[in-house]
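Below, each chain spelled out in residue letters.
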Amino acid sequence: MALEPPVVSPATLSEALALQAEGGWRPIAGGTDLMVQLEADMAEAPERVLDLSRLSELRGVSYDGYEVSIGALTTYTELRHSPVVSARLHALSEVAATVGAAQIQNRGTIGGNVCNASPAGDTLPVLLAVDAVFECGSTEGIREVPAREFWTGYRQTALRDDELLVRIRFAVDRSRHTRYRKVGTRAAQAISKVVLALSYRDDEGTWRDVRVALGSVAPTTIRAAATEAVLEGSRPTEAVADEASRVLADEINPIDDVRSTADYRRSVSGRVLHRLLREEGGW
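Residues numbered from 1 in each chain as written. Predicted model: local features only at pLDDT ≥ 70, side-chain atom pairs only at ≥ 80, totals over all residues. Heavy atoms only, no water.

> Could you give an account of the sheet that holds strand S3 (residues 48-51), with specific residues and numbers?
The strand order across the open sheet built from three strands is S1-S3-S2, with neighbouring strands paired in parallel fashion. The sheet terminates laterally at strand S1 (7-8) and strand S2 (25-28), the two strands that pair on one side only. (Pairing = 2+ DSSP bridges. Helix = DSSP H or I, 4+ residues; strand = E, 2+ residues; numbered from the N terminus.)

> Lay out the sheet that holds strand S6 (residues 133-138) in plain terms, naming residues and giving numbers.
With antiparallel pairing, five strands are arranged side by side in an open sheet as S4-S5-S10-S6-S7. Two strands close off the open sheet at either side, each with one partner strand: strand S4 (61-63) and strand S7 (141-146). On average, each strand axis in the sheet is tilted by 25° relative to the strand beside it, whichever way the strands run. Pairing of strand S5 (residues 67-71) with strand S10 (residues 164-171) involves five bridges; the strand directions are antiparallel. Bridge assignment links isoleucine 70 to a residue of S10, and that residue is isoleucine 168. (Axes fitted to C-alpha atoms, helices over the stretch in contact; angles between N-to-C directions.)

> Could you give me a rundown of the packing of aromatic side chains, with the residues and numbers involved?
If you walk through the whole model with that rule in mind, you get four aromatic pairs. With a centroid separation of 5.5 Å and 75° between ring planes, the pair formed by phenylalanine 134 and tryptophan 151 is classed as edge-to-face. Here the residue phenylalanine 134 occupies a position in strand S6, and tryptophan 151 occupies one in strand S8 (residues 151-153), the gap between them amounting to 17 residues. Judged by relative accessible area, phenylalanine 134 falls into the buried class, the value being 0%. Assessed through its relative accessible area of 8%, tryptophan 151 is described here as buried. Here the aromatic cluster, defined as three or more aromatic residues joined through ring pairs, consists of Phe134, Phe150 and Trp151. (Phe/Tyr/Trp six-rings, centres within 6.5 Å; stacked < 30°, edge-to-face > 60°. Buried < 20%, exposed > 50% of the residue type's maximum accessible area, 1.4 Å probe, protein only.)

Below you can see the structure in the form of structure tokens.
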């Protein structure tokens with residue numbers, strides 16, 4: 001087992017940001033990724049760990065009539081049981097219910113999932129599909145980064161070395177519908193092979209501002225622009241679903257790995273989208 005690094009647990013956000021500005025810290029929230037990596041000797045132990053779990057100001061969900069705001073330390077269990085999340089973005093409640101077992105849901109946080117930046121991160125496609133904004137805090141203040149610019153590469157983010165993810169926000173539009181599907185080896189406690197989120201505004205039966213976001217099919221979570229173009233301004237007919245699914249399978253470029261093959265991911269992505277379109281179209 002790797003040697004355990006020293007851990008500091010600041011009591012306030014300002015203290016945490018001051019420490020982060022020094023450099024050399026590995027921030028953790030629930031620690032569900034780092035602890036597994038250290039236990040299994042899968043990664044080199046960080047020099048020192050900044051434990052954020054005491055920062056109550058980074059927890060909780062609120063709604064101001066326009067935006068939902070979620071603290072970075074909000075756990076999956078809290079997301080599952082939040083009336084605000086359930087009413088304003090039910091897909092995120094569904095996502096939270098698929099992450100690991102109860103122990104992980106009680107400990108793991110949405111901010112940790114976002115900053116871990118795994119292409120298989122369950123919450124990432126939903127946040128990308130609703131154009132979420134990430135508040136990145138430092139001793140200099142808050143910097144806002146849209147989700148489409150946040151994941152810059154495999155397990156890489158736009159966070160500066162002196163920044164911590166503080167909060168996640170997304171606007172609420174009552175005409176917007178967002179759906180989510182995850183495909184894994186098992187029905188529960190499975191790392192995703194394909195994650196897909198579909199979001200659109202319903203303009204009297206015509207779809208506007210369509211967003212199709214996917215995980216586990218590229219080095220980062222992605223938007224499928226060509227597929228979105230097929231669906232934009234259309235209605236979810238069988239012919240449209242067939243064309244969108246075909247375009248999506250051609251548009252993505254997944255890899256073979258220990259969990260699945262590229263061909264499987266390509267085929268399943270198209271089929272998952274087709275199913276969502278069929279359900280939305282009611283045919």
